[in-house]
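The lines below spell out each chain.
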Amino acid sequence: MRIDLIAENADLFVTGISMTLKLTVMSLAIGMAIALPVAVLRGMRLPVVDKVLRGYIFAFRGTPMLVQTYLIYYGLAQFEFVRDSVFWAVLKSPFNCALIAFSLNTAAYTAEILRGALEATPKGEIEAAEAIGLSPLQVLRRITIPGAFRRALPQYGNEVILMLHGSTVASVITIQDILGAGRTLNGKYYLAYEGLVTAALLYLALTLLIAAAFGLGGRKWLAHLRPAATR
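Residues numbered from 1 in each chain as written. Predicted model: local features only at pLDDT ≥ 70, side-chain atom pairs only at ≥ 80, totals over all residues. Heavy atoms only, no water.

(A) Here's a closer look at the packing of helix 2 (residues 10-44) against helix 11 (residues 194-221). Between helix 2 and helix 11, whose axes approach to 12 Å, the crossing angle comes to 45°. Overall, the two elements helix 2 and helix 11 adopt an arrangement that is oblique. As for how helix 2 packs across helix 11, the hand of that crossing is right-handed. Each of Phe13, Ile17, Thr20 and Leu21 in helix 2 lies in contact with helix 11, whose residues at this interface are Gly195, Thr198, Ala199, Leu202, Tyr203 and Leu206. Residue composition of the contact of helix 2 with helix 11, grouped by class: seven nonpolar, three polar and no charged. (Axes fitted to C-alpha atoms, helices over the stretch in contact; angles between N-to-C directions. Helix = DSSP H or I, 4+ residues; strand = E, 2+ residues; numbered from the N terminus. Parallel < 35°, antiparallel > 145°, perpendicular 65-115°, else oblique. Left-handed = near helix turned anticlockwise from the far one by under 90°. Contact = heavy atoms within 4.5 Å. Nonpolar A, V, L, I, M, F, W, Y, C, P; charged D, E, K, R; others polar.)

Encoded structure:
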């Protein structure tokens, strides 16, 4: 194990960590902005809208993120009208293509997580809110959505970790993330595994931090759901 070469190229991995976190955080933020209205609309069960949203969710949950990224980055560039359009300024960038693919992917999963949490809202909470005169929109904004976020926290924590791991797809379209940094190190010095082992350890460390953060959040915001003896 060439620790000396890993240390000499620490800046490579620092850049990779920065890119991985940037891509993951931005994807999760955009994905949540998409997922929340999708989940609410899915709960309303509007005939045409529901079918369109179910199709979107099925397509992005049913296909690998690698394929989705390839189709956006390599596939759209094959069409001349895309290259001649105003969207080409965005789509010619590997980072933007990865961001679009990752955001749409995580939005599909998050929408289903939130939809389940919204539908799990106790009827008594809604009836109590209506009894004090809250409008349906106020009930949604003050009761249903905040409660759904709390209930969805454990499942969403898993989605964040999966999104972090899934971000390794970015390295196949020339983005220098953590995995890309490891592959670069191996290629530069003709190494077998040092770069990949280092990348794996970095992903493990980030996963532990995320799990710990969601664990603390769960103990704080979900304490009322645990039996009194375990609080």
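(B) Spotlight on helix 10 (residues 178-189). A rise of 1.5 Å per residue sets the reference length of helix 10, with its twelve residues, at 16 Å; its end C-alpha atoms lie 17 Å apart and thus fit the reference within 8%. Buried residues of helix 10: Ile178, Gly180, Ala181, Gly182, Leu185 and Asn186, and no others. At its buried positions, helix 10 is contacted by helix 1 (3-8), helix 2 and helix 11. The opening residue of helix 10 is Asp177, an N-cap whose side-chain oxygen sits 3.4 Å from the backbone nitrogen of Leu179. Two residues or fewer past helix 10, Tyr190 is found with a positive phi of approximately 55°. (Expected span 1.5 Å × (residues − 1). Buried < 20%, exposed > 50% of the residue type's maximum accessible area, 1.4 Å probe, protein only. Polar contact = N/O pair within 3.5 Å; in protein donor to acceptor, adjacent residues only side chain to side chain.)

(C) Structural view of the environment of Ile126. One can find Ile126 in helix 8 (residues 123-131). Leave out the neighbours within four places in its chain, and Ile126 touches Thr121 and Val139.

(D) How the structure looks around the side chain of Arg115. Relative to the helices and strands, Arg115 is located in helix 7 (residues 94-119). A distance of 3.0 Å separates the side chain of Arg115 from the side chain of Glu112, its partner in a polar contact. When residues no more than four places from it in sequence are discounted, the contact partners of Arg115 are Ala39, Arg42 and Arg45.

(E) Quick peek at the pattern of salt bridges. If you walk through the whole model with that rule in mind, you get seven salt bridges. Of the charged contacts in the structure, one is a salt bridge between Glu112 and Arg42, with a shortest N-O distance of 3.6 Å. Of the two residues, Glu112 sits in helix 7 while Arg42 sits in helix 2, which places them 70 residues apart along the sequence. In this structure, Glu112 and Arg42 share a single accessibility class: buried. The partner of Arg45 in a salt bridge is Glu119, with the nearest N and O atoms 3.1 Å apart. Here the residue Arg45 occupies a position in the loop between helix 2 and helix 3 (47-62), and Glu119 occupies one in helix 7, the gap between them amounting to 74 residues. We classify Arg45 as exposed; its relative accessible area is 52%. Each of the salt bridges in this network shares a partner with another, and the network as a whole consists of Arg42, Arg45, Asp50, Arg61, Glu112, Arg115 and Glu119. (Salt bridge = Lys/Arg side-chain N within 4 Å of Asp/Glu carboxyl O.)

That's the geometry; what it means functionally is another story.
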